[in-house]
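Observations on the three-dimensional arrangement
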Amino acid sequence: MACGPRQVTTHWGCRGRLSFPAVPSDFCFSNFSKTPFRTYKIVPDKRGLSCGADVIYSFKTIRPSNPIAVFLGLAIAFTGIATATTAIAASPLDEGMTSYRHGNFEDSAKTFTPLAQQGNATAQYLLSCQMINGIGVSTDQPGGWTMMEAAAQNGHPDANMVLARRLEATNGAQNDIKLHYTIAAQKNQTQAMLWLALDAIDQGDDTTARNFLTKAWDEGDPRAATLLATRFAENDAERIEYLSAAAKMGELRAAAYLAEISREQDNRVGAVGWCAIASGLPGHAANVDWKEIGMAVEKTCAQYDEDLKPAARAQNRSNVDQFLADFFAGYKPWKPWRPCTIREP
């Protein structure tokens, strides 16, 4: 994979630039990528690379030599994060999905194959992921993509999402891409709603964009709340309400905006606290070390209260500790859609 510097200013939603500590001044906090196979290095917490990610802080672009396989393959490697259904008695589909979630891909393929032949959309979708990447079965990309198309025709919205992204990666027709996203959005796929909203913004259709974003937020996607706050909020109170709700679900860009708002309001506790959250600290890893967090916050967010006298600054940091404790006491991070994973209901 080849890396090269890139200013993130050509992605959806990027209408301005916002300076923020430890993030370059050319960083745009609305970088919903229209090219989903571009992957971005996370800044500033250095958590590494995440292929196929569609909303990540960035200023280096990585383009895999085989974006489709990497996009699907890495997603399959992390399928154990969610379940799709809760069944009283395990059906063959449930058994196949259990095998898939636990990485027993040979077993899942054996279970999915007859179900897929019978037209089960979920079996077709998950089996196609395995076929395209040769996971648990022999690699069969033509057959896998045919199976993916069958899953989409039989009503699986995630199959429409993957087909849309494939078309984007291969310079497919815009109308076909939009059709797949439209079908997925009709089945409450919020990632598709975001695409359609941002496409509407590009076309100058704010009414359609706001409708899609409102629907996506109603379905629980915090990225939609961030866009509603920055584009359509009618006053500061509404903007802060959207951003606060989004940040509480792990939307780090919302926290970044809140840090800047707090700075403007001379709210030193909020400025440092939201800065810490926007930087990915703390609470985003198990066994978190609070001493290490304090050092990281000092390095990243010091500018927000560096002009205070020592005693006042010490008190501010004590208040920040309580701010963070209160925030993470009710923290429920939202998990974005990923291809070839089994989603929660």
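For the structure, check the block above.
All of the points below concern the structure found in this document. (Residues numbered from 1 in each chain as written. Predicted model: local features only at pLDDT ≥ 70, side-chain atom pairs only at ≥ 80, totals over all residues. Heavy atoms only, no water.)

Next up on the list: the pattern of salt bridges. A complete count under the given rule lists 11 salt bridges for this structure. A salt bridge links D199 to K178, with the shortest nitrogen-to-oxygen separation between them at 3.6 Å. Taken together, the residues D199 in helix α8 (residues 190-202) and K178 in helix α7 (residues 174-186) connect sequence positions 21 residues apart. Where R313 meets D305, a salt bridge forms, and the shortest distance between an N and an O atom there is 3.1 Å. The network of salt bridges with shared partners includes D266, R268 and D307. (Salt bridge = Lys/Arg side-chain N within 4 Å of Asp/Glu carboxyl O. Helix = DSSP H or I, 4+ residues; strand = E, 2+ residues; numbered from the N terminus.)

For the rest of this paragraph, the subject is the packing of helix α5 (residues 141-153) against helix α6 (residues 157-169). Interhelical geometry of α5 versus α6 gives an angle of 130 degrees and a closest axis separation of 8 Å. One finds that α5 runs oblique with respect to α6. You can see that α5 and α6 cross each other, and the crossing is left-handed. The residues of α6 that touch α5, namely those facing W145, M148, E149, A151 and A152, are A159, N160, V162, L163 and R166. For the contact of α5 with α6, the per-class residue count stands at seven nonpolar, one polar and two charged. (Axes fitted to C-alpha atoms, helices over the stretch in contact; angles between N-to-C directions. Parallel < 35°, antiparallel > 145°, perpendicular 65-115°, else oblique. Left-handed = near helix turned anticlockwise from the far one by under 90°. Contact = heavy atoms within 4.5 Å. Nonpolar A, V, L, I, M, F, W, Y, C, P; charged D, E, K, R; others polar.)

Summarising the element assignment, G144 is placed in helix α5. Taking the C-alpha atoms as reference points, G144 and N133, 11 residues apart in sequence, are found 8.5 Å from one another. Sequence-distant contacts of G144, that is, excluding residues within four places in its chain, are made with S128, M131 and I132.

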